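# Observations on the model geometry
The lines below spell out each chain.
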Amino acid sequence: MGKSRTKRFKRPKFSPAGNCEAELAAAENGTEREEDDGPAAELLEKLQHPSAEVRECACAGLARLVQQQPALPSLGRRDAVRRLGPLLLDPSLAVRETAAGALRNLSACGGFEVCDDMVTKDIMTPLVALLKECSAGLDSNEASPQDKKDRNRSSIENIANEAMNMLWNICECSSRAVSLFNKEGCLEIVLKYLSRFSTNVDLAISVAYCLQTVTEDNLELQKSFSAPALHVLESAMLSPVSSMEYVLLKTLVAGTIWNLKDIIPSKSQADIINAILKILSDVLEMDAGEVVIQMKEAETQRLKTAAETEEILENANGDGLVEDDEMEEIPQKRKVRRKTFHSDLLPPTDKELRETIALLTAQQTALEIIVNMCCSEDPSDDEWEELSSSDESDAFMENSLSEDSGQLLSPLCLSHEVHSALTNFLIPKKIFEKTAFPNSIAVDMCSRNPTWKPLIRKMNTIQCRALMCLQSLLSVLEVEHLGGAPALQALAQHLSQLLFSQPDFAKHVDFLEAISSALRALLQTMASRNITQCMTPDQLMTLCKAGIRSSNVGVRVNVVSILGITGSVLAREDGTLETLKTIGCFLLEVATQDLSLVVAGEALDALFDVFADGKEAERASVQIKLLSALKEFQPVFKMKIRKEGRGKYSPDQLCVLDNVKMNLRRFVAYQETVEKRLTT
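Computed from a predicted model, the values in this text were never measured in an experiment.

About the cut-offs
- Residues numbered from 1 in each chain as written.
- Predicted model: local features only at pLDDT ≥ 70, side-chain atom pairs only at ≥ 80, totals over all residues.
- Heavy atoms only, no water.
- Helix = DSSP H or I, 4+ residues; strand = E, 2+ residues; numbered from the N terminus.
- Buried < 20%, exposed > 50% of the residue type's maximum accessible area, 1.4 Å probe, protein only.
- Contact = heavy atoms within 4.5 Å.
- Expected span 1.5 Å × (residues − 1).
- Polar contact = N/O pair within 3.5 Å; in protein donor to acceptor, adjacent residues only side chain to side chain.
- Salt bridge = Lys/Arg side-chain N within 4 Å of Asp/Glu carboxyl O.
- Phe/Tyr/Trp six-rings, centres within 6.5 Å; stacked < 30°, edge-to-face > 60°.
- Lys NZ or Arg CZ within 6 Å of the ring centre and 35° of its normal.
- Axes fitted to C-alpha atoms, helices over the stretch in contact; angles between N-to-C directions.
- Parallel < 35°, antiparallel > 145°, perpendicular 65-115°, else oblique.
- Left-handed = near helix turned anticlockwise from the far one by under 90°.
- Disulfide = S-S within 2.5 Å.

Moving on to the overall build of the protein chain. A tally of regular secondary structure across the protein chain gives 33 helices and 0 strands. Looking at the protein chain as a whole, 53% of its 680 residues are labelled buried. Look at the contacts in the protein chain between residues 6 or more apart in sequence, and 78% of them connect residues 24 or more apart.

Okay, helix α11 (residues 201-214) next. Count 3.6 residues to each turn of an α-helix, and residues three or four apart come out pointing the same way. Across its 14 residues, α11 extends 20 Å between first and last C-alpha, which sits within 8% of the 20 Å expected from 1.5 Å per residue. With a side-chain oxygen lying 3.3 Å from the backbone nitrogen of D202, the N-terminal cap of α11 falls on N200.

As a further point, take helix α26 (residues 509-528). Helix length check: α26 (20 residues) gives 28 Å between terminal C-alpha atoms against 28 Å at 1.5 Å per residue, within 8%. Of all the 20 residues making up α26, 16 are buried; the element is thus mostly covered by neighbouring parts of the structure. Of the residues one or two after α26, N530 is the one with positive phi, at around 55°.

Going through the model one piece at a time under the given rule, you end up with 26 salt bridges. Salt-bridge contacts for K192 lead to D139; the nearest nitrogen and oxygen are separated by 3.2 Å. Residue K192 is located in helix α10 (residues 186-194), and its partner D139 is located in helix α7 (residues 124-141); the two are separated by 53 residues in the primary sequence. The partner of K631 in a salt bridge is E672, and the shortest N-O contact between them spans 2.9 Å. A residue pair is termed long-range when its members are at least 10 positions apart, and K631 in helix α32 (residues 626-648) and E672 in helix α33 (residues 651-679) qualify at 41 residues. Take K631: its relative accessible area is 41%, and that puts it in the partly exposed class. Given a relative accessible area of 34%, E672 falls into the partly exposed group. If you follow the salt bridges from partner to partner, you end up with D79, R82, D117 and K121 in one network.

So, on to the packing of aromatic side chains. Ring pairs (aromatic) are described by centroid distance and by the angle formed between their planes. Under the criterion given, the structure shown has 7 aromatic pairs. Positioned above the aromatic ring of W258 is the side chain of K261, whose terminal nitrogen or guanidinium carbon lies 4.4 Å from the ring centre.

Next up on the list: unusual backbone geometry. The residue D79 is not glycine, and still its phi comes out positive at about 60°. Here D79 shows up in the loop between α4 (71-77) and α5 (80-84). Its relative accessible area of 25% is what places D79 among the partly exposed residues. In the Ramachandran plot, K625 falls in the positive-phi region, its phi being about 55° despite a non-glycine side chain. Look at K625 and you get exposed, because its relative accessible area is 55%.

Moving on to the environment of D605. Within the element layout of this structure, D605 appears in helix α30 (residues 597-610). For D605, a relative accessible area of 7% translates into the label buried.

For the pair α11 and helix α14 (residues 244-259), the least separation of the axes is 9 Å and the interaxial angle reads 25°. Between α11 and α14, the interaxial angle falls into the category roughly parallel. Both α11 and α14 take part in a crossing whose hand is left-handed. Contacts between α11 and α14 pair V201, A204, I205, A208, Y209, L211 and Q212 from the former with E245, Y246, L248, L249, L252, V253, G255, T256 and N259 from the latter.

Further remarks concern the state of the cysteines. A disulfide bridge is the covalent bond that connects two cysteines by way of their sulfur atoms. This structure, assessed with the given rule, holds 0 disulfides. We note that C171 lacks a disulfide partner, and the nearest cysteine sulfur, in C210, lies 5.0 Å from it. Residue C171 is classed as buried on the basis of its relative accessible area of 4%. C173 takes part in no disulfide bond, and the closest cysteine sulfur to it belongs to C115, at a distance of 3.9 Å.

See the structure below:
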């Protein structure tokens, strides 16, 4: 899906007693307590200690240790998963929570291989059992006295939240985990947690993340959704609460319901799609930059007021609090130690930062859902099929511009309901607004505060997602629904300004891939409708020369495709000989020298488009000796496909490359007739 998400860790609570500090410090700085594997061996050994407090401290140390990449092999060798797994069902609730936190962090930091290994080592068995016990515990807790009820519920919900995040991480990385999710009946359990969204929105958000992951392309699970299950989702999605956390919750649930669209009765489809896009529209309506500024100012004012209040109380009480301060010495130390090991999930006191992060995450998620709506039937970018060559006929060169300029020439299939909702809720306009650079004042405020600084990256990510979303909309909406030719020309100008206002744009790979993808789709759409393009040849060559040096294959594919699109337009115009020669030499160099066959194939494809027709193109091809260069490269290209193909490329990519190889033979034959005609 190309989706990215920020994994957030919640640090477990720590006890002030025992030897936690030494163990946690060892985990923190990586000092070796044993000869071979440093702190890992000692911490893992203490998981079997008879004292619950020692087990809790050991889990807490491991929760920190697993975030250090060098420690992961050591933990794998010492079978950390099998040692931590049973502690998910430890008699002590505190141990359960810290063990779940350690495994959650391991699943988040370890990636696909670690998550798959966790499934192999049967982590799903104790994890599912824990989720069932938490669910039963929350039900039985309703009959307890109020004070005990509140304490137990908080503890059980904390454990459930850690467990849900672990389940989400594992299911996102392992298809076997998703199969076990289906088989073990986890849906009923997690929906029960979600139904508590009004009393614990954090747990509900964790469930919503997980559901959005496991419902994607999971027909078996989709069939398990009954009417009451869908009602739970609907209740959460339509909640009237408007806080930023609820905005995130509703966005995630909207993504889940979109995944379930195939099981929704046809008579309800339009209403559901409208409800989903209404939520996404409302999310994108918010000005994230202004929210960052307002929330940061609110935090500053709150902290200032709190400091002033504390100072007034201290002055009023004088020395009377000395004894109380001494009595509170241990809790104060506990608070400092907890903050030392606080990682990524923020404490409840940082409410403004939490709210802001929730909104930014909701906007990123909304953009990703819209991309999925537009691309649900479209091959992924990784498959490299958007503008690939097609095997039509031996005469394809003569009519390629009119018949085969790529899939983006005509909008992809999009249901009437989605199409109408996208336009009715002004989604294209709102996405266009999100493609701008983040608010400079907000960026400056975040850059001066360490806890807010990570938000700069999140704001940049939203811009990149918006650019990718723009690419998708250009693929599925008619020009008229995008505002017509003037709007596309204004959009081209906007994208050019975004690109060339950053002198070092080539260093920002995510941005370069996103904006080159959007430009590629836009220029293709404009070319298909004979709309005048706004980028100058110099701007194009600047972009392409920078992009072709990128290590990102997607960027390189985009820039050669952009040159092919532009060159094919210029080939029909007079006075473009020198520009066509520059484009031809550039594409020829890429085709023959790029290490990726995917990029080389795209460059050949672009050459076919540029030099397929037109007097200027014919003259240019002869002057740059295109025919002789391609004749020399033809056997090399065939050999590369034969030697490298099966080991490095997918079946779909190989199919496209074989197509390019065949079209290369035809193009060489066509160029022979051109050169013969021009030279005689």
